[in-house]
Amino acid sequence: MYLAFDDLIAIFPEFKGIKEADHLYFTVTDNAGREQTRGLFIPLNDDSGELLEAIANGAIAAVWDKKKQIPRYTPNHFPIFFTENPTAGVRDLLRLYFEKIDGDNREKMNMTNFAFLNKKLLKENKETYDIAVMLEKIAMKNSNNDVERRG
């Protein structure tokens, strides 16, 4: 089950750009340089890279810190979801997604790929430790799903 536009609206009601109710996000990352097919880009720190690079690598939306200016080159239709705290936003997004997939009992299920730059660093920071734990749980569910598919 992929993360969807409506899931993001539930967490980040303030947004700019086109409302794409049928948007599904195959990848969520904080790394602009990573290939992100139908990606949701969430810059969490200075190492995340530029939005332009994320778009070039497949990002179709972004979660953005409300306090930072959106780059001038951002297309008007490109969905940008605003948050006061990107780290807390990622945590809320992961909680919602985990609840969404945890209730799904299908044997074969497509899942959103969450790829963050430095998972070890996430574990060392109190604020981000639960993000790392949720990422591991989602990865385990995804790998179990892959085994069932190959089965």
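Residues numbered from 1 in each chain as written. Predicted model: local features only at pLDDT ≥ 70, side-chain atom pairs only at ≥ 80, totals over all residues. Heavy atoms only, no water.

**Quick word on the nonpolar core**
We apply this condition: Residues belong to one nonpolar core when they are buried, are Ala, Val, Leu, Ile, Met, Phe, Trp, Tyr or Cys, and are joined through side-chain atoms within 4.5 Å. Relative accessible area decides the class of each residue, using a 1.4 Å probe on protein chains only: under 20% of the type maximum gives buried, over 50% gives exposed, and in between gives partly exposed. Runs of E in the DSSP output that reach at least two residues are strands. Runs of H or I that reach at least four are helices, and both are numbered from the N terminus.
With 21 residues, the main nonpolar core has Leu-3, Leu-8, Tyr-25, Val-28, Leu-40 and Phe-81 as its most contacted residues. Secondary structure elements with two or more residues in this core: helix H1 (5-11), strand E6 (59-65) and helix H3 (86-102). For this core, the leading source of residues is H3, giving five residues. In terms of nonpolar packing, the next biggest core, distinct from the first, is built from eleven residues, Ala-32, Ala-59, Ala-62 and Ile-70 among them.

**Some words on the sheet that holds strand E7 (residues 80-83)**
So the rule is basically this: Any two strands with at least two DSSP-identified bridges between them are counted as paired.
If you trace the six strands from one edge of the open sheet to the other, you get E2-E7-E6-E5-E4-E8, paired in mixed fashion. The open sheet has two edge strands with one neighbour each: strand E2 (15-16) and strand E8 (113-115). In the sheet, E6 pairs with E7 via four bridges, with the strands oriented parallel. Each residue of the ladder has a partner; that of Ala-62, found in E7, is Ile-80.

**Some thoughts on H3**
The cut-off we apply is this: For a helix, the expected span equals 1.5 Å multiplied by the residue count minus one.
Taking 1.5 Å as the rise per residue, H3 with 17 residues should run 24 Å; its terminal C-alpha atoms sit 24 Å apart, in good agreement. For H3, every residue scored as buried is listed here: Pro-86, Thr-87, Ala-88, Gly-89, Val-90, Arg-91, Leu-93, Leu-94, Tyr-97 and Ile-101.

**Structural notes on the pairing of E7**
Taken residue by residue, a regular strand's side chains alternate between the two faces of the sheet. Neither face of E7 is exposed, since Ile-80 and Phe-82 on one face and Phe-81 and Thr-83 on the opposite face are all buried. Pairing of E2 with E7, which is carried by two bridges, proceeds in the antiparallel orientation. Residue pairing across strands places Lys-16 opposite Ile-80, the latter belonging to E7.

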